[in-house]
Amino acid sequence: MVQFFAFIFSILIMFSFSDNCYSAFMDSYLGARSMAMGGAYTALADDADGGLVNPAGLSMIKSQQLSATTAVLHAGLDDDSMITQNIVGYAYKSSIGSLGMAWKRFSAGDLYYENILAVSYARSGSLYLTKGDKNRRKNISYGGNIKLLNWDSAPTVDSGGRTIEDLPGWTGINFDLGFIIFPSANTPVAVSFQNIRKSHIDSDSSKTEEKLPLITRMGVAAIDNNTTWVIDLILKQGQIDLKLGLERKSHDGNLLIRTGIALENLAWGMNFTVGAGYKLGEKTRLDYAFMYPMNTILETYGSHRVSIVYNFGNEQ
């Protein structure tokens, strides 16, 4: 097993460092739970919007789930700009696997926006080779996404109100693939490949070539009755990001305290995160997260994110 993951890691390094272009669609945060845990979510990804990080995580949905998130990013900027993000996710587990759909919108006021619409499928299976054993523990999950991506921007105007440039935007399709292996029931090990197609996303009239990079995420989680530890290693554009997260349950399980840290390019940039979740009932959970950039964007009140998660079936 160790040799297998060493081989996978070497392949990921080779592919992820092959392209150094900058691009849009790079925000990796999802719901408030993910953000509060520093964005370390690859080995969990068990909420309806988690398919955008690792589609294999949808196999852990018990029945049906709906999630909705709204966020204000970098509040209090000097120019009074409003940067927002909204996410809606739905997942359904059937006898043939888990199906999901998620929509994510990022907008910088009226100046720029991005949309991602993803359709996901995930399934669980067993790595054991023994035939005829119907009670074999399912210890692997795998899944994929088909994503429709779109960006557009407002026209650039001069002081006299004349249009200088009006880019027509871009729309295209991309794909993700993810796996989660369970060496033990409470220790998932995961890898996901995002933007496999590595498509060009620059406008037809743009003079600058921009390419959507392959992003590889590797994650491990350690889960017990009251505490969950998670760690992610993310490789993209010649950059290594490290994300660490912790979730702690109260004695009755209704209150969840979370914290995390995200090291962008191994401490070139650093974000501190904290948050909480509260179960409003057997089927509903409310989450909040706060992220503060330690050494990148200055003079901001941080980013704030609120999510609500509703389970139609059994409690998650």
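Residues numbered from 1 in each chain as written. Predicted model: local features only at pLDDT ≥ 70, side-chain atom pairs only at ≥ 80, totals over all residues. Heavy atoms only, no water.

Draft legend 1. Spotlight on the nonpolar core. Counting residues in each nonpolar core, the largest one holds 25 residues, and the members touching the most others are L30, L44, L52 and V230. Counting only elements with at least two residues in this core, the list comes to strand 4 (112-125), strand 5 (140-153) and strand 8 (170-184). Here this core takes 3 residues from strand 8, the largest share from any one element. Beyond its immediate chain neighbours, meaning those up to four positions away, L44 contacts R33, M37, G57, M60, I180, A221, I223, T228 and V230. One finds M35, A36, A289 and M291 within the second-largest nonpolar core, a separate group that totals 7 residues. (Core = buried A, V, L, I, M, F, W, Y, C linked by side-chain atoms within 4.5 Å. Buried < 20%, exposed > 50% of the residue type's maximum accessible area, 1.4 Å probe, protein only. Helix = DSSP H or I, 4+ residues; strand = E, 2+ residues; numbered from the N terminus. Contact = heavy atoms within 4.5 Å.)

Draft legend 2. Spotlight on the side chain of T69. Relative to the helices and strands, T69 resides in strand 1 (residues 64-73). A polar side-chain atom of T69 sits 2.6 Å from a polar atom in the side chain of S307. Residues contacting T69, with those up to four places away along its chain left out, are L30, G31, A32, D49, Q85, N86, I87, R305, V306 and S307. (Polar contact = N/O pair within 3.5 Å; in protein donor to acceptor, adjacent residues only side chain to side chain.)

Draft legend 3. Structural view of the environment of D202. Mapping D202 onto the fold places it in the loop between strand 9 (187-194) and strand 10 (215-223). Given the relative accessible area of 19%, D202 is considered buried. In sequence terms D202 and L212 are 10 residues apart; their C-alpha atoms lie 9.2 Å from each other. Not counting residues up to four positions away in its chain, the partners in contact with D202 are W151, W170, T208, E209 and E210.

Draft legend 4. Region of interest: the pairing of strand 9. Counting buried positions along strand 9 yields 7 of 8 residues, so the element is predominantly enclosed. Relative to strand 9, strand 8 runs antiparallel, the two sharing 6 bridges. In the sheet register, L177 faces strand 9, and the bridge partner there is F193. Hairpin connection between strand 8 and strand 9: a loop of 2 residues separates the two successive antiparallel strands. One ladder, built from 6 bridges, connects strand 9 with strand 10; its direction is antiparallel. Its bridge partner lying in strand 10, S192 is registered against R217. (Pairing = 2+ DSSP bridges.)

Draft legend 5. Spatial organisation of the pairing of strand 15 (residues 284-293). Summarising the sheet, strand 14 (residues 269-279) and strand 15 pair through 9 bridges and their orientation is antiparallel. Pairing of K279 across the sheet is with R285, part of strand 15. Counted between consecutive antiparallel strands, the loop separating strand 14 from strand 15 contains 4 residues. Relative to strand 16 (residues 303-311), strand 15 runs antiparallel, the two sharing 8 bridges. Across the sheet, the residue bridging to T284 is Y310, located in strand 16.

Draft legend 6. Structural view of the side chain of S141. Topologically, S141 is positioned in strand 5. Judged by its relative accessible area of 3%, S141 falls in the buried class. A distance of 3.3 Å separates a polar atom in the side chain of S141 from a polar atom in the side chain of S124. Among all residues touching S141, those that are not within four sequence positions of it are A56, S59, R123, S124, G178, F179, I180 and F182.

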